[in-house]
Amino acid sequence: MSFGQETKNELARFETDKNCCKLAEIASFIRMAGSIGLAGGGKFNIILKTENAAVARHFKVLIKDYFRIEPVVEYEEGGNLSRGNVYVLKITPDMGSEAILREVGILMIKQGNNYISDGIYMGIIRTKCCRKSYLRGSFLAAGTITNPEKSYQMEWRCGSERMAKDLLRLIGTFDALEGKMTKRKNYWVVYVKASGYISDLLALMGAHGKVLELENIMITKELRSEAVRMTNCDTANMDRVLNASEKQITDIKKIIERKGENFLPEKLRDIARLRLENPEASLTQLGEMLTPPLKKSGVNNRLRKISDIAGSL
């Protein structure tokens with residue numbers, strides 16, 4: 001099972017006792033996973049679809065608890081390999097579908113005529129708890145999240161630009177959170193890529209188990225990156241030591257070939273001998289081999305003098 005499906009399964013187990021939050025979650029699910037069908041006589045059916053069984057059960061219970069009705073549940077098998085099985089919840093006119101559409105802010109009246117609104121009905125998300133519930137319902141309806149082992153991305157598929165803009169504003173009402181939006185074919189996508197934002201959004205929606213899992217993955221990836229950085233740094237340092245050592249050995253051999261082994265003063269001769277015997281040693285290690293020991297700066301100074309002598313020959 002994917003990380004995204006596991007996230008939805010956890011969110012589908014979330015329970016709230018506040019009626020305002022139940023309504024906000026139902027409203028967002030109807031808005032983003034629902035469609036309205038004519039039932040004749042100017043009446044409406046509400047059709048809700050999801051490929052996740054846990055999500056279907058969750059909203060059946062939530063709708064029954066809040067509206068005191070029991071939606072009809074149907075099951076559609078996927079018609080091809082690219083589409084999974086679909087669970088359908090249907091709310092018919094005799095269950096009060098029109099009243100429900102009005103209460104969730106989708107069916108409105110203007111100049112005596114009914115019309116279907118777009119975007120988020122702001123009257124339903126006045127409080128912070130309701131905004132969290134609306135966010136949870138929208139994710140259960142149309143949200144996805146990638147496996148954080150591979151990349152960080154959470155997104156919502158929206159049917160209209162207005163809905164995408166409203167969802168962006170909703171996310172932005174929470175401190176230090178923001179998302180972006182883009183258009184893909186005939187729909188709009190709201191997305192968040194920063195791992196910290198994704199963690200915060202999961203916590204706001206109530207997926208605390210997935211928050212812990214995500215943060216463990218983030219820590220592990222950071223430790224791996226740090227280990228790679230340290231290895232690269234050590235490798236680079238070793239390369240520098242070996243390159244410098246190679247130049248120093250070349251200078252020493254040049255002096256010996258042209259002037260003999262005893263040409264250098266005793267102190268320079270000692271460090272030259274150690275360098276020839278220990279080509280991979282650092283300056284600090286060379287200094288510790290001397291009697292008495294010499295600091296790194298002192299070793300570097302003596303090797304520089306040897307280089308100057310070699311350069312003058």
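All figures in this text were calculated on a predicted structure; none of them were measured in a lab.

What counts as what
Residues numbered from 1 in each chain as written. Predicted model: local features only at pLDDT ≥ 70, side-chain atom pairs only at ≥ 80, totals over all residues. Heavy atoms only, no water. Axes fitted to C-alpha atoms, helices over the stretch in contact; angles between N-to-C directions. Helix = DSSP H or I, 4+ residues; strand = E, 2+ residues; numbered from the N terminus. Parallel < 35°, antiparallel > 145°, perpendicular 65-115°, else oblique. Left-handed = near helix turned anticlockwise from the far one by under 90°. Contact = heavy atoms within 4.5 Å. Nonpolar A, V, L, I, M, F, W, Y, C, P; charged D, E, K, R; others polar. Expected span 1.5 Å × (residues − 1). Buried < 20%, exposed > 50% of the residue type's maximum accessible area, 1.4 Å probe, protein only. Pairing = 2+ DSSP bridges. Disulfide = S-S within 2.5 Å. Core = buried A, V, L, I, M, F, W, Y, C linked by side-chain atoms within 4.5 Å. Polar contact = N/O pair within 3.5 Å; in protein donor to acceptor, adjacent residues only side chain to side chain.

Enquirer: Quick question: what am I supposed to make of the packing of helix α2 (residues 19-33) against helix α3 (residues 53-67) here?
Expert: Packed helix pairs are characterised by how far apart their axes lie and by the angle those axes make with each other. Between α2 and α3, whose axes approach to 10 Å, the crossing angle comes to 130°. Taken as axis vectors, α2 and α3 run oblique relative to one another. Note that α2 runs across α3; the crossing there is left-handed. Facing N19, K22, L23, E25, I26 and F29 of α2, the residues of α3 in contact are V55, H58, F59, L62, I63, D65, Y66 and F67. Residues belonging to the contact of α2 with α3 are distributed by class as follows: 9 nonpolar, 2 polar and 3 charged.

Enquirer: Quick question: what am I supposed to make of α3 here?
Expert: Note on helix geometry: an α-helix contains 3.6 residues per turn, so any two residues three or four positions apart are oriented the same way. Between its first and last C-alpha atoms α3 spans 21 Å; for 15 residues at 1.5 Å apiece the expected length is 21 Å, and the two agree. Residues of α3 that are buried make contact with α1 (3-11), α2, β2 (43-50), β4 (86-91), α4 (97-103) and α5 (128-142). Once α3 ends, the next one or two residues include R68, with phi positive near 60°.

Enquirer: What's the story with the side chain of H58 in this structure? I'm lost.
Expert: Position of H58 among the secondary structure elements: in helix α3. Of the residues examined, H58 reaches a relative accessible area of 9% and is grouped as buried. Not counting chain neighbours up to four residues away, the residues in contact with H58 comprise L11, A12, F14, E25 and L140.

Enquirer: Teacher, can you tell me more about the pairing of strand β6 (residues 113-116) here?
Expert: A regular strand carries its side chains on alternate faces of the sheet. Sheet topology note: the strand β5 (residues 107-110)/β6 ladder contains 4 bridges and is antiparallel. Paired with M108 across the strands is Y115, a residue of β6. Turn length for the β5-β6 hairpin, with the two strands adjacent in sequence and antiparallel, is 2 residues, and the turn residue Q111 shows positive phi of about 55°.

Enquirer: How should I be thinking about the state of the cysteines in this particular structure?
Expert: Counted by the stated rule, this structure contains 0 disulfides. Cysteine C130 remains unbridged, with the sulfur of C20 as its closest cysteine sulfur at 3.4 Å. According to the relative accessible area criterion, C130 is buried, its value standing at 4%.

Enquirer: How should I be thinking about the nonpolar core in this particular structure?
Expert: Ranked by internal contacts, the top residues of the largest apolar core, which has 63 residues, are I30, Y134, L135, M154, W156, L201 and L202. Counting residues per element, this core draws most heavily on α2, at 9 residues. Those residues in contact with Y134 that lie beyond four places of it in its chain are A24, E25, A27, S28, R31, I120, I124, I125, M163 and L170.

Enquirer: Where do I start with unusual backbone geometry in this structure?
Expert: In terms of backbone geometry, most residues other than glycine have negative phi values and most peptide bonds are trans. Cis peptide bonds are those with omega within 30 degrees of zero, and the linkage from T291 to P292 qualifies with -5°. Its location among the elements puts P292 in the loop between α10 (283-289) and α11 (296-312). A positive phi angle, close to 55°, is found at Q111, a residue other than glycine. Positionally, Q111 belongs in the loop between β5 and β6. Phi at A176 takes a positive value of approximately 60°, unusual for a residue other than glycine.

Enquirer: I'm lost on the packing of α1 against α5 in this one. Help?
Expert: For the pair α1 and α5, the least separation of the axes is 10 Å and the interaxial angle reads 135°. By the angle between their axes, α1 is oblique relative to α5. Pair α1 / α5 crosses with left-handed handedness. Of the residues in α5, those in contact with T7, K8 and L11 of α1 are R136, F139 and L140. Considered class by class, the residues forming the contact of α1 with α5 number 3 nonpolar, 1 polar and 2 charged.

Enquirer: When you look at the environment of A281 in this model, what are you seeing that I'm missing?
Expert: The topology assignment puts A281 in the loop between α9 (266-277) and α10. With near-sequence residues (within four places) excluded, A281 lies in contact with V241, R275, L286 and M289.

Enquirer: Even after reading the chapter, I still don't get the side chain of S138, so can you show me in this structure?
Expert: Counting through the fold element by element, S138 comes out in helix α5. On the basis of relative accessibility, which here comes to 0%, the residue S138 falls in the buried class. Within the structure, S138 has its side chain in polar contact with the side chain of W156 (distance 3.1 Å).

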